[in-house]
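Residue-level structural notes
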Amino acid sequence: MVKLFACDLDGTLLNKYHETDEVILDAVDQVIKNNRYFAIATGRHMHGNQKEKLGMYHRGVYTICMNGALIFDPKGNSIYENYLNQDFLAKILKTFPTIDFECIGKDHTFLRISKDQHIKEFEKRSIWKKVLRKTDIHEFMKDCLYEQSDEEILKQGIMKINCRVEDEALHHDLTAFIQAHSDIVVNAPFQDEIFEITDKSVNKGEAVAKLAQLLNVAEDEVAVYGDGGNDFEMLSRFTHAYATENASDAAKKAAGNVIGHCDDHAVPKHILEIIYKS
């Protein structure tokens, strides 16, 4: 019997507007009502009221965020934290002074650029145009601290670095830099054109396994759902693994099981099928 359901958000659990709705939230409620556990497993940092805006805040949902660098219990208490190596952080900031890194901590995102520069960069990312459909961009960025020096950033506990690099040569150099430090960090982006850098030991599969252990749930009692590059370890680790129809080929191969499209509520429907059959 599946006791823990862990779902990626964008392209998996959420609808075509990257939001929750009645169908999705009803499935989450049914998981909880049937004495199972539900967890979000996302690359997002989930700062501020993001969980509340998704309708998950008072539903007993666990939150695995930043690809597994941070795990919260349903009450918002941190139960696992994994920070980037300080020497690596100092080195990447010094080596790439022109890259607009988003250095993400437990409660805030620290940037060297101004707010106006960040908004312009943010608006280039097509996925966020859908995410922000009902949310003001300034509201979404209220956790950000701008015009931070490298010294100020290094004083913070940074768990994840995000960036988008359009320049081909610079993209190549950053990729090579990360590979040269593969004993320390890993890049696991949900899309190829961006970078999502965390400690090497961080991935959604390991985080879901840690949560399952804390909940006394066996790994064969876990069902996971995903669609992209940062879901590979999660999808390949668990027996009950499902990729959406819109998932990448690699994600589908890692899961071994393909269900419907996220736009058609494939994941919440599949979760309900599992619950009602057991």
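Description of the structure in this document.

If you check helix α9 (residues 168-180), its first and last C-alpha atoms are 18 Å apart, about what 13 residues at 1.5 Å a residue would give, namely 18 Å. Buried within α9 are the following residues: L174, F177 and I178. Here the buried residues of α9 occupy an arc of 95° about the axis, which is enough to place them on one side. Exposed positions of α9 whose direction lies more than 90 degrees from the buried face are E168, H172, Q179 and A180. On the buried face of α9, the contacting elements are α4 (86-95), β9 (160-164), β10 (185-187) and β11 (194-199).

On inspection of all chains with the given rule, the structure shows 12 salt bridges. Between D29 and R59 there is a salt bridge, with the nearest N and O atoms lying 2.7 Å from each other. With a gap of 30 residues between them, D29 in helix α2 (residues 22-33) and R59 in the loop between α3 (50-53) and β3 (62-65) connect regions that are remote in the sequence.

For the rest of this paragraph, the subject is the nonpolar core. By size, the foremost hydrophobic cluster in this structure holds 33 residues, and its most contacted members are F5, L13, F38, M56, Y225 and I271. Of all the elements in the fold, those that place two or more residues in this core are β1 (4-7), α1 (9-13), α2, β2 (37-41), β4 (70-72), β12 (222-226) and α13 (266-277). Apart from the residues within four sequence positions on either side, F38 is in contact with L4, F5, C7, L13, V28, V31, I32, M56, G60, V61, Y62 and I271.

Glancing now at the packing of aromatic side chains. Within the structure shown, the criterion is met by 4 aromatic pairs. Both rings, one in Y37 and one in Y62, keep their centres 6.2 Å apart while their planes meet at 75°; by these two values the pair is edge-to-face. A residue pair is termed long-range when its members are at least 10 positions apart, and Y37 in strand β2 and Y62 in strand β3 qualify at 25 residues. By relative accessible area, Y37 is classed as partly exposed at 30%. Residue classification places Y62 among the buried residues on the basis of a relative accessible area of 13%. Pairing F88 with F177 gives two aromatic rings, centres 5.8 Å apart and planes at 40°, and the pair type is tilted. Here F177 lies in helix α9 and F88 lies in helix α4, a separation of 89 residues in the sequence. Owing to a relative accessible area of 2%, F88 belongs among the buried residues under this scheme. Here the aromatic cluster, defined as three or more aromatic residues joined through ring pairs, consists of F88, F96 and F177.

Moving on, we come to the sheet that holds β2. In space, the 7 strands of this open sheet follow the order β5-β4-β3-β2-β1-β12-β13, with mixed pairing throughout. With one partner strand each, in any of the chains shown, β5 (78-81) and β13 (240-243) form the two edges of the open sheet. Neighbour to neighbour, the strand axes of the sheet diverge by 15° on average, direction disregarded. One ladder, built from 3 bridges, connects β3 with β4; its direction is antiparallel. Bridge pairing in β4 places C65 opposite L70.

Tracing the backbone through its elements, the reader meets Q148 in the loop between β8 (144-145) and α8 (150-154). Given a relative accessible area of 17%, Q148 falls into the buried group. Among the polar contacts listed, one links the side chain of Q148 to the backbone oxygen of Y146, at a separation of 3.1 Å. In this structure, Q148 is in contact with F110, L111, R112 and I153, ignoring residues within four places of it in sequence.

A separate point is α13. The first and last C-alpha atoms of α13 sit 16 Å apart over 12 residues, in line with the 16 Å expected at 1.5 Å per residue. Considered for burial, the residues of α13 that qualify are A266, V267, P268, H270, I271, L272, I274 and I275. Next to the buried residues of α13 lie β1, α1, α2, β2, β12 and β13.

Procedures and definitions
- Residues numbered from 1 in each chain as written.
- Predicted model: local features only at pLDDT ≥ 70, side-chain atom pairs only at ≥ 80, totals over all residues.
- Heavy atoms only, no water.
- Helix = DSSP H or I, 4+ residues; strand = E, 2+ residues; numbered from the N terminus.
- Expected span 1.5 Å × (residues − 1).
- Buried < 20%, exposed > 50% of the residue type's maximum accessible area, 1.4 Å probe, protein only.
- Arc of directions from axis to C-beta.
- Contact = heavy atoms within 4.5 Å.
- Salt bridge = Lys/Arg side-chain N within 4 Å of Asp/Glu carboxyl O.
- Core = buried A, V, L, I, M, F, W, Y, C linked by side-chain atoms within 4.5 Å.
- Phe/Tyr/Trp six-rings, centres within 6.5 Å; stacked < 30°, edge-to-face > 60°.
- Pairing = 2+ DSSP bridges.
- Axes fitted to C-alpha atoms, helices over the stretch in contact; angles between N-to-C directions.
- Polar contact = N/O pair within 3.5 Å; in protein donor to acceptor, adjacent residues only side chain to side chain.

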